[in-house]
Amino acid sequence: MQSPRAACHIAIIMDGNGRWAAQRGLPTRKGHREGAESLRRLLKHCKKNPAITHLTVYAFSQENWKRPASEVADLMDLLRYFFKAELESLLKEGVRLRFIGDRSALDADIQTMLAETEARSAHFSQLTLCIALSYGSRQEIARACQKLASKALSGAIAPSDISPEMLERALDTHGIPDPDLLIRTGGDERLSNFLLWQSAYTELYFCDVLWPDFSGEHFDQALEHFAARERRFGGRHVA
Ligand code: IPE
Ligand code: IPE
Ligand code: MG
């Protein structure tokens with residue numbers, strides 16, 4: 001049963017890096033660089049709030065592969081840089097890292113980096129940072145269906161055994177609770193293929209601030225809005 005007040009799992013669509021750079025006449029990669037800095041700051045902020053147990057951030061969508069090759073390369077380099085600069089301090093602070101998305105599309109060195117990071121931080125439990133990379137929710141659900149279909153074909157399960165809970169266990173997010181609150185920065189009000197299954201009852205919060213400008217104060221404002229909402233999960237209002 002989820003608590004009606006404290007948001008334990010926050011998901012963020014970190015949008016607006018390109019516009020932030022364009023407004024300043026800077027190249028897009030500078031916007032992404034500032035976006036990474038914004039995430040670093042927000043992580044520090046979240047660490048101070050013991051109610052938050054999971055933070056899932058959308059860093060690169062499956063559809064983002066359609067962007068110019070130079071931008072994709074910049075984003076992958078930024079990812080490498082972020083890990084080099086931040087990994088040890090994240091581990092020192094006891095942050096568990098998880099990655100969701102189609103890893104097979106990522107460069108081999110990044111795949112290795114992700115696997116090693118998950119293994120090294122697997123025993124931490126206070127705060128889990130889940131990074132969505134090469135992630136698309138529809139593709140994730142399709143992959144989960146493929147796994148279950150193989151099991152059914154081999155006779156390990158019957159098709160009628162397939163339940164929402166079983167499907168959930170086959171998703172990349174297995175073991176991670178559904179998000180309580182989903183924040184999208186940058187002013188657009190859509191999910192862009194992010195956590196479609198998992199956000200069935202998630203509270204949505206859209207804000208106009210571009211991701212590089214998103215601060216701890218903006219984050220706390222979102223938490224305040226969340227705290228004032230009544231979550232009914234389809235049931236009746238309880239006074
Ligand atoms: C979000 O910023 C980061 C990624 C999608 C990788 P954008 O690059 O989408 O920024 P806008 O939406 O163009 O401003
Ligand atoms: C969503 O932002 C993906 C990430 C923030 C990583 P996009 O900028 O890719 O989304 P659309 O294209 O505006 O829907
Ligand atoms: Mg965008």
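Above this text sits the structure in question.
> Sorry if this is basic, but what is going on with the environment of D74 here?
Looking at the secondary structure, you find D74 in helix α3 (residues 69-92). A relative accessible area of 31% places D74 in the partly exposed class. On a C-alpha basis, the gap between D74 and H32 in space is 8.5 Å, while along the polypeptide they are 42 residues apart.

> Would you take a moment to explain the side chain of N17 for this structure?
Along the polypeptide, N17 turns up in helix α1 (residues 17-23). Beyond its immediate chain neighbours, meaning those up to four positions away, N17 contacts G31, H32, G35, W211 and P212.

> Would you take a moment to explain the site of ligand 2 for this structure?
Within the structure, ligand 2 sits among I13, M14, D15, Y58, A59, F60, N64, R67, R184, R190 and S192. Within the contact set of ligand 2, an oxygen atom lies 3.2 Å away from a side-chain nitrogen or oxygen of D15. The side chain of N64 places a nitrogen or oxygen atom 2.9 Å from an oxygen atom of ligand 2. Burial of ligand 2 by the protein chains amounts to 78% of its free accessible area of 390 Å². When atoms are counted within 2 Å of each cavity's grid points, the one that captures over half of ligand 2 is the largest pocket. For the shell around ligand 2, the leading source of residues is strand β2 (residues 54-61), giving three residues.

> For this particular structure, what's the right way to read the packing of aromatic side chains?
Remark: the centre distance and the inter-plane angle together describe each pair of aromatic rings, the angle taken between the planes. Using the criterion set out here, one finds eight aromatic pairs in the structure. Between Y58 and F194, the ring centres sit 4.2 Å apart and the planes meet at 10°, which makes this aromatic pair stacked. Pair noted here: Y58 is in strand β2 and F194 is in the loop between β5 (181-184) and β6 (203-206), with a separation of 136 residues, a long-range link. When its relative accessible area of 6% is taken as the criterion, Y58 is described as buried.

> Where do I start with α3 in this structure?
Owing to its 3.6 residues per turn, the α-helix aligns residues three or four sequence positions apart on the same side. Between its terminal C-alpha atoms α3 stretches 35 Å, which fits the 34 Å expected from 24 residues at 1.5 Å a residue. Residue E86 marks the point of greatest curvature in α3, where the axis turns by about 50°. Taken residue by residue, α3 has E71, V72, L75, M76, L78, L79, F82, F83, E86, L87, L90 and L91 as its buried positions. Buried residues in α3 make contact with α2 (28-47), β2, β3 (95-100), α4 (108-121) and β4 (127-135). Looking one or two residues past α3, G94 carries a phi angle of roughly 75°, positive in sign.

> Honestly, the site of ligand 1 in this entry has me stumped. Any pointers?
All residues adjacent to ligand 1 are M14, D15, G16, N17, G18, R19, H32, A59, N64, R67 and L75. Here an oxygen atom of ligand 1 sits 2.9 Å away from a polar atom, N or O, in the side chain of D15. N17 is positioned such that a nitrogen or oxygen atom in its backbone is 3.1 Å from an oxygen atom of ligand 1. Expressed as a share of its isolated accessible area of 380 Å², the protein-covered part of ligand 1 is 84%. Taken atom by atom, the bulk of ligand 1 overlaps the largest pocket. Per element, the largest residue contribution to the shell around ligand 1 is three residues, and it comes from α1. Partitioning the shell around ligand 1 into residue classes produces three nonpolar, five polar and three charged.

Criteria and cut-off values
- Residues numbered from 1 in each chain as written.
- Chains lettered and ligands numbered in written order.
- Predicted model: local features only at pLDDT ≥ 70, side-chain atom pairs only at ≥ 80, totals over all residues.
- Heavy atoms only, no water.
- Helix = DSSP H or I, 4+ residues; strand = E, 2+ residues; numbered from the N terminus.
- Buried < 20%, exposed > 50% of the residue type's maximum accessible area, 1.4 Å probe, protein only.
- Contact = heavy atoms within 4.5 Å.
- Near = heavy atom within 4 Å.
- Polar contact = N/O pair within 3.5 Å; in protein donor to acceptor, adjacent residues only side chain to side chain.
- Areas by Shrake-Rupley, 256 points an atom, 1.4 Å probe, with all protein chains shown as cover.
- 1 Å grid on protein atoms, 1.4 Å probe; cavity = no way out; pocket = protein on both sides within 12 Å on 5 of 7 lines; lining within 4 Å.
- Sits in = over half its atoms within 2 Å of the grid points.
- Phe/Tyr/Trp six-rings, centres within 6.5 Å; stacked < 30°, edge-to-face > 60°.
- Expected span 1.5 Å × (residues − 1).
- Bend = angle between axes of the 7 residues up to and from the residue.
- Nonpolar A, V, L, I, M, F, W, Y, C, P; charged D, E, K, R; others polar.

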